[in-house]
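Here are the chains, one letter per residue:
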Amino acid sequence: MKTVLCFGDSLTWGVDAENCGRHAYEDRWTSVLQKGLGHGVRVIPEGLNGRTTVYDDHFADCDRNGARILPTLLQTHGPLDLVIIMLGTNDLKPIFANNAVIVGHGMKRLIEIVRHHAWPMGLECAPEILIVSPPTLCETEAPLLGPMFAGRIEESKNLASVYRDLADEMGCGFFDAASVCKTTPVDGVHMDAENTRALGRGLEPIVRMMLGM
């Protein structure tokens, strides 16, 4: 049995912008990926709305700092064969005053955490890492998320090239989510059900390759 941890934000949790809720379980990209890979693989979804790579965000009553929570999740779910990391959108909020290059440093820190984790009970676990650049932001008139990500669309388009270079540097896999899916203008950040499913299907071939299937 192969085990895949999917570490992400609301795009992994499955926010449904049109219904102000959560996509049905079968529509979430992690579920589509699980179905495509079959019973020989266990796909673990670990998405949290608002999660960043390395930054504190006190607008919620939970810890959104990815670097702080990741070691706990590695310990909880290990041993792992593959860790998929799709983060960075929330790092681009104007409150963090970031550009894509700086967000890349946050992603690099997460890679280092996985690579140097002290696995429990003497387990020899060195999972592969797949970096996924999230779908780019789009124009929206949403009263909350529109201002929250104001002026960040062009910078979100730069994440793919930054992450691709980082993957080459760190020996990780890379996938550009924007190659198979897009965000909805309903809120400019999240995906509708069709695009969420498309991401799961798009990831399947590279995940199979990285798992040696």
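Definitions and limits used
Here, residues in each chain are numbered from 1, in the same order as that chain's written sequence. Residues qualify for local features only when their pLDDT is at least 70, as the model is predicted, and side-chain atom pairs are given and counted only at 80 or more; totals for whole chains, interfaces and linings, by contrast, use all residues. Side-chain measures were taken over the full set of non-hydrogen atoms in the model, leaving aside hydrogen atoms and water. Should DSSP find at least two bridges between two strands, the strands are taken to pair. Going along the chain from the N terminus, every DSSP run of H or I of four or more residues is numbered as a helix, and every run of E of two or more is numbered as a strand. Angular values range over 0 to 180 degrees, each being the angle between N-to-C directions of two axes fitted as lines to C-alpha atoms, with helices fitted over their stretch in contact. In what follows, a contact means two residues having at least one pair of non-hydrogen atoms within 4.5 Å. It is the rotation of the near helix from the far one that decides the hand of a crossing: anticlockwise by less than a right angle makes it left-handed, clockwise makes it right-handed. Residues are grouped as follows: Ala, Val, Leu, Ile, Met, Phe, Trp, Tyr, Cys and Pro are nonpolar; Asp, Glu, Lys and Arg are charged; every other residue, Gly included, is polar. For this document, the term salt bridge refers to a Lys or Arg side-chain nitrogen within 4 Å of an Asp or Glu carboxyl oxygen. Exposed residues in this analysis have more than 50% of their type's maximum accessible area, buried residues have under 20%, and partly exposed residues fall in between, with area computed by a 1.4 Å probe over protein chains only.

Engineer: I'd like a description of the sheet that holds strand E4 (residues 41–47), backed by residues and values.
Structural biologist: With parallel pairing, five strands are arranged side by side in an open sheet as E4-E1-E5-E6-E7. Taken across any chain shown, the strands that pair with only one partner, and hence form the sheet edges, are E4 and strand E7 (173–176). Between one strand axis and the next, the sheet turns through 20° on average, direction left out of account. As paired elements, strand E5 (residues 82–86) and strand E6 (residues 128–133) share four bridges and run parallel to each other. The residue bridging Val 83 from the neighbouring strand is Ile 129, located in E6. Its contacts with the sheet put helix H3 (residues 66–77) on strand E1 (2–8), E4 and E5, and the angle it makes with E1 is roughly 160°. Those strands touched by helix H4 (residues 100–115) are E1, E5 and E6, and its axis lies near 160° from that of E6.

Engineer: Got a sec to walk through the packing of H4 against helix H7 (residues 159–170)? Specific residues and values, please.
Structural biologist: Two numbers describe how H4 lies on H7: the axes approach to 9 Å, and their chain directions differ by 35°. At the point where H4 passes H7, the crossing takes the right-handed sense. For the pair H4 and H7, contact is made by Ala 100, Val 101, Val 103, Gly 104, Met 107, Lys 108, Ile 111, Glu 112 and Arg 115 and by Leu 159, Val 162, Tyr 163, Leu 166, Glu 169 and Met 170, respectively. Here the contact of H4 with H7 is built from residues that sort into 10 nonpolar, one polar and four charged.

Engineer: Account for the pattern of salt bridges, naming residues and giving values.
Structural biologist: By the definition in use, this model includes nine salt bridges. When the shortest N-O distance is used, the salt bridge between Glu 112 and Arg 109 registers 3.7 Å. Residue Glu 112 and its partner Arg 109 are both found in helix H4; the two are separated by three residues, about one turn of the helix. Judged by relative accessible area, Glu 112 falls into the partly exposed class, the value being 27%. For Arg 109, a relative accessible area of 40% puts it in the partly exposed group. For Lys 157, the salt bridge is made with Glu 154, and the minimal N-O distance between the two is 3.1 Å.

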